[in-house]
Amino acid sequence: AVPRTRIMATGGASHNKKILQVLSDVFNAPVYTIDTANSACLGSAYRAIHGLVAETNVSLADVVKLAPEPGLAVTPTAGAEEV
């Protein structure tokens, strides 16, 4: 089974529920956020760690296991896909 699409929003706009709702409605997918400052830097750091341990065959999924869990911010408005 193919997993449903979900959107991960970070940065300043991720604090604006109205913007997140528009994203959710346009893509008909739930939007999740991570309550972490400088999330782009955090993602880069995980990729760097993954690069450092690449020769040990550690997957990126294993590297980010301790990452903060994203929280559901908004879900699509009922009927939005019809618009």
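Residues numbered from 1 in each chain as written. Predicted model: local features only at pLDDT ≥ 70, side-chain atom pairs only at ≥ 80, totals over all residues. Heavy atoms only, no water.

Going by what an unreviewed UniProt entry lists, the protein chain is known as Xylulose kinase and is assigned to Cathartes aura. Quoted verbatim from the Sequence similarities (unreviewed entry) field of the UniProt record, the comment on the protein chain reads "Belongs to the FGGY kinase family." (UniProt positions renumbered as here; feature names shortened; annotations may be inferred.)

To continue, consider the overall build of the protein chain. Secondary structure summary: the protein chain contains three helices and three strands in total. The N-to-C order of helical and strand elements in the protein chain reads β-α-β-α-α-β. In terms of its C-alpha atoms, the protein chain occupies a principal-axis envelope of roughly 50 × 35 × 15 Å. Buried residues in the protein chain amount to 22% of all 83 residues. Considering only residue pairs separated by 6 or more positions, the protein chain has 64% of its internal contacts joining residues 24 or more positions apart. Accessible surface, the protein chain: about 6,100 Å² in total, of which carbon and sulfur atoms supply 59%. (Helix = DSSP H or I, 4+ residues; strand = E, 2+ residues; numbered from the N terminus. Buried < 20%, exposed > 50% of the residue type's maximum accessible area, 1.4 Å probe, protein only. Contact = heavy atoms within 4.5 Å. Areas by Shrake-Rupley, 256 points an atom, 1.4 Å probe, with all protein chains shown as cover.)

I7, A9, L20, A29, V31, A73 and V74 form the largest nonpolar core, which has seven residues in total. Counting only elements with at least two residues in this core, the list comes to strand 1 (7-9) and strand 3 (71-74). Discounting chain neighbours no more than four positions away, the residues touching A29 are R4, T5, R6, I7, S24 and P76. (Core = buried A, V, L, I, M, F, W, Y, C linked by side-chain atoms within 4.5 Å.)

Here the focus is the sheet that holds strand 2 (residues 31-33). Spatially, 1-2-3 is the arrangement adopted by the three strands of the open sheet, whose pairing is mixed. At either end of the open sheet lies a strand with only one pairing partner, and these are strand 1 and strand 3. Within this sheet the neighbouring strands show an average axis-to-axis angle of 45°, counted without direction. (Pairing = 2+ DSSP bridges. Axes fitted to C-alpha atoms, helices over the stretch in contact; angles between N-to-C directions.)

We now examine a nonpolar patch on the surface. Together, V22, V26 and F27 give the surface a local cluster of nonpolar side chains, amounting to about 320 Å² of exposed area. Note on placement: F27 falls in helix 1 (residues 17-27). Judged by relative accessible area, F27 falls into the exposed class, the value being 53%. (Patch = residues over 30% accessible without salt bridge, like charges linked within 9 Å, V, L, I, M, F, W, Y side chains within 5 Å. Salt bridge = Lys/Arg side-chain N within 4 Å of Asp/Glu carboxyl O.)

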